[in-house]
Amino acid sequence: MDLGNVISNMNYWAVLVAALSTFVIGSLWYSPVLFGNKWMELNGFTEETLTKGLPMPVVFGSSFVASLLAAFALALFLGSSADMGMGLFAGFVIAVFWISTSRLNNILFEQGKPGLFLIHAGYDIVTYLIMGAIIGGWH
């Protein structure tokens, strides 16, 4: 694969939209509508404790940069000839076999809460499927 060709043919709008999609998914995933209450309970968070951490612009700004880097790396991985099916496949493989296994190792060695693993791994799987579909399908 010619990296220069991949970078010059990359759809940067797709990368941007894929990164932004993680916020849409996260705003639902970690809301009371889906898993927000359980996530807060498992972490021992309250509405009050959440406001005492890093300032929200720092949290969301850093999270966006991380999502943008992930989407960019996924686009590099897929190359310019991938289609939506390949994007979905790559997103699934990355989320399940790389990210989730790494999260599982952390949970096992840190004696963490399996419920948090399931919430986070589920989010990773959904976000990487969507990012892969956007990047692979948008040409």
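Relevant structure appears above.
Here goes a summary of the coordinates provided. (Residues numbered from 1 in each chain as written. Predicted model: local features only at pLDDT ≥ 70, side-chain atom pairs only at ≥ 80, totals over all residues. Heavy atoms only, no water.)

## Considering the packing of helix H2 (residues 12–29) against helix H5 (residues 56–78)
Thinking step 1. Where H2 contacts H5, the axes come no closer than 8 Å and their chain directions differ by 135°. The angle between H2 and H5 places the two elements in the oblique class. Read as a crossing pair, H2 and H5 show a hand that is right-handed. Contacts from Tyr12, Val15, Leu16, Ala18, Ala19, Leu20, Thr22 and Phe23 in H2 reach Phe60, Ser63, Phe64, Ser67, Leu68, Ala71, Phe72 and Ala75 in H5.
Thinking step 2. Looking at the contact of H2 with H5, its residues break down into 13 nonpolar, three polar and no charged. (Axes fitted to C-alpha atoms, helices over the stretch in contact; angles between N-to-C directions. Helix = DSSP H or I, 4+ residues; strand = E, 2+ residues; numbered from the N terminus. Parallel < 35°, antiparallel > 145°, perpendicular 65-115°, else oblique. Left-handed = near helix turned anticlockwise from the far one by under 90°. Contact = heavy atoms within 4.5 Å. Nonpolar A, V, L, I, M, F, W, Y, C, P; charged D, E, K, R; others polar.)

## Observations concerning unusual backbone geometry
Thinking step 1. You will see that Gln111, though not glycine, has its phi angle at about 55°, which is positive.
Thinking step 2. Mapped onto the secondary structure, Gln111 falls in the loop between helix H6 (84–110) and helix H7 (114–137).
Thinking step 3. Overall, the relative accessible area of 72% leaves Gln111 in the exposed class. (Buried < 20%, exposed > 50% of the residue type's maximum accessible area, 1.4 Å probe, protein only.)

## Regarding the packing of aromatic side chains
Thinking step 1. Applying the stated criterion across every chain, the model contains eight aromatic pairs.
Thinking step 2. With a centroid separation of 4.8 Å and 50° between ring planes, the pair formed by Trp29 and Phe35 is classed as tilted.
Thinking step 3. Ring geometry for Tyr30 versus Trp39: centroids 5.6 Å apart, planes at 70°, classification edge-to-face.
Thinking step 4. Feature note: the residues Tyr30, Trp39, Phe45 and Tyr123 constitute an aromatic cluster, connected by ring pairs. (Phe/Tyr/Trp six-rings, centres within 6.5 Å; stacked < 30°, edge-to-face > 60°.)

## A closer look at the pattern of salt bridges
Thinking step 1. On inspection of all chains with the given rule, the structure shows three salt bridges.
Thinking step 2. Between Lys38 and Glu41 there is a salt bridge, with its nearest N and O atoms 3.3 Å apart. Of this pair, Lys38 and Glu41 are both found in helix H3 (residues 36–43), three residues apart, which corresponds to roughly one turn of the helix.
Thinking step 3. Residue Glu48 pairs with Lys52 through a salt bridge whose shortest N-O separation is 3.1 Å. (Salt bridge = Lys/Arg side-chain N within 4 Å of Asp/Glu carboxyl O.)

That's the geometry; what it means functionally is another story.
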